[in-house]
Amino acid sequence: MTGEEAARAGVRDALAGCLERGEVGVQVAVYRGGDLMLDESIGVLAEGSPREVDSGTLFPIFSVTKILPIMAIHLQAERGLLGYDAPVASYWPRYAANGKAPITIRHVLAHRAGVPNMPDGVTIDNIGDWDWMTGRLAEVAPLWPTDTRSSYLSYTYGWILGEVVRRTDPRHRSFRQFVIDELFEPLGITDFYLGIPDEHPVADRIATLSNPGFKRASAVVAPFRSAAVPKGLETGPVFNDPRLRRAVFPSAGGIANARSVARLMAVIAGRGELGGVRLYSPERVDSFLALREDPYAVDEVIGKAAIMSWSGFRMGSDHPNREPIVGTSPHVLSQSGAGGSVAWADPDERFSAAICHNRMFRPDPDRPDDHVFHDLGEAVRALTTAGVG
């Protein structure tokens, strides 16, 4: 058996181990040097279903979706259409209301803007109304002064950045259309969606989320977490509801397969370029590999340190609260989603990877090496260093 064959067998064994630990359906995909080198799956679309997960199965990916507003904002900066240290209100004047004038693009990217709080009155029926959401977010007051605390913008992130993208777009497209035109189509990404109508032909490929006992609440930070993630819209099986599947929900509503997510992150692994399409200069991507201010502070919303770059991406680290799957290299950029989905890119090793699944679980923040996908992440890294590609 060659090194490559052994490494691929290791990935399959790790996937089987995920099922043994309770997973229902899992996908993993890897790009290296711009080429798809792995696209594996295991399990079924829903508990008790006879339908097997394959490479075309689609999964709700929660905050992995934040890759889209992050990359869109950096694309506008690359084009000279916005500045990171410019106030959000310089592009969106109404956003200055109620003490938000000092908030800059950089503050939002780094989750230091102090505005994790969703507006009053948001429901599963109106969360897909972009104008209503942005109008109400322009009115909210910060929970604390700008740039004084880490406060993960669980849901507000995508609308704030997405509205800036829309307002700096010379063509004035919707955020969804901007992402399609400027990210998905140039990069050949065909299975990453922001909003899927009930009658859409891919709707039948969406996996069903399970584990209704999944909880994100914590007694220590419940007041802030509940402000960031309103009752009735908590991450979990409610995202099976067609109203959320239809919504353009730019922080947490993405639906995709692992192959498409890994391909998007391959642009970061390629230092701004994929398949002859360059979105960012190498220098811009290199700049992402810098920690944000006060990077080890406990976040007011998630209740632990969130090791991340100023650019919006999470980062690899050996900190006890590190991302548990992506490794410890400080040059890894990633984004994880509630319940366990994750995507990451390693510009040093020129590979990107994504894991999507449908069983919601809450990892133990104090035991990162016990994560259900820990061995799968290790197997992915072994494959990318097995002399392949």
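Our structure is the block above this text.
Each value, and the rule that gives it
Residues numbered from 1 in each chain as written. Predicted model: local features only at pLDDT ≥ 70, side-chain atom pairs only at ≥ 80, totals over all residues. Heavy atoms only, no water. Pairing = 2+ DSSP bridges. Helix = DSSP H or I, 4+ residues; strand = E, 2+ residues; numbered from the N terminus. Contact = heavy atoms within 4.5 Å. Axes fitted to C-alpha atoms, helices over the stretch in contact; angles between N-to-C directions. Salt bridge = Lys/Arg side-chain N within 4 Å of Asp/Glu carboxyl O. Buried < 20%, exposed > 50% of the residue type's maximum accessible area, 1.4 Å probe, protein only. Lys, Arg positive; Asp, Glu negative; His and termini not counted. Core = buried A, V, L, I, M, F, W, Y, C linked by side-chain atoms within 4.5 Å.

Draft legend 1. Spotlight on the sheet that holds strand β8 (residues 314-315). On the basis of which strands lie adjacent, the open sheet formed by six strands has the order β2-β1-β11-β10-β9-β8 and antiparallel pairing. Two strands lie at the open edges of the sheet, namely β2 (35-43) and β8, each paired on one side alone. Summarising the sheet, strand β1 (residues 25-32) and β2 pair through eight bridges and their orientation is antiparallel. Residue pairing across strands places tyrosine 31 opposite leucine 36, the latter belonging to β2. Sheet strands in contact with helix α11 (residues 374-384) are β1, β2, β10 (342-346) and β11 (351-357), and its direction is about 25° off that of β1.

Draft legend 2. Spatial organisation of the pattern of salt bridges. Taken as a whole and judged by the stated rule, the model has 25 salt bridges. For the salt bridge of arginine 12 with glutamate 40, the shortest nitrogen-to-oxygen distance reads 3.8 Å. You can see arginine 12 sitting in helix α1 (residues 3-20) and its partner glutamate 40 sitting in strand β2, a full 28 residues away along the chain. The exposure class assigned to arginine 12 is partly exposed, which follows from its relative accessible area of 42%. Its salt-bridge partner being arginine 259, residue aspartate 39 comes within 3.2 Å of it at the nearest N-O pair. Of the two residues, aspartate 39 is situated in strand β2 and arginine 259 in helix α9 (residues 258-269); the sequence distance between them amounts to 220 residues. Connected through shared salt-bridge partners, Arg79, Asp169, Arg171, Arg173, Asp181 and Glu182 make up one network.

Draft legend 3. Looking closely at the side chain of lysine 66. Take lysine 66: it is sitting in the loop between β3 (59-60) and α2 (67-78). Of the buried charged residues, lysine 66 lacks a salt bridge, with aspartate 299 as the closest side chain of opposite charge at 11 Å. Beyond its immediate chain neighbours, meaning those up to four positions away, lysine 66 contacts His111, Tyr152, Leu153, Ser154, Tyr157, Pro250, Ser251 and Gln335.

Draft legend 4. How the structure looks around the nonpolar core. In terms of nonpolar packing, the biggest core is built from 93 residues, with Ile127 and Leu183 touching the most fellow members. With nine residues, α9 is the largest single contributor of residues to this core. Setting aside its immediate chain neighbours within four residues, leucine 183 contacts Leu68, Met71, Ala72, Leu75, Phe178, Leu264, Leu279 and Tyr280. In terms of nonpolar packing, the next biggest core, distinct from the first, is built from 25 residues, Val28, Val30, Trp344 and Phe351 among them.

Draft legend 5. Quick peek at unusual backbone geometry. Positive phi, close to 50°, is recorded for phenylalanine 62, a residue that is not glycine. Here phenylalanine 62 is to be found in the loop between β3 and α2. When its relative accessible area of 2% is taken as the criterion, phenylalanine 62 is described as buried. Within the chain, arginine 350 stands out as a residue other than glycine whose phi angle is a positive 60°. Looking at the element boundaries, arginine 350 is found in the loop between β10 and β11.

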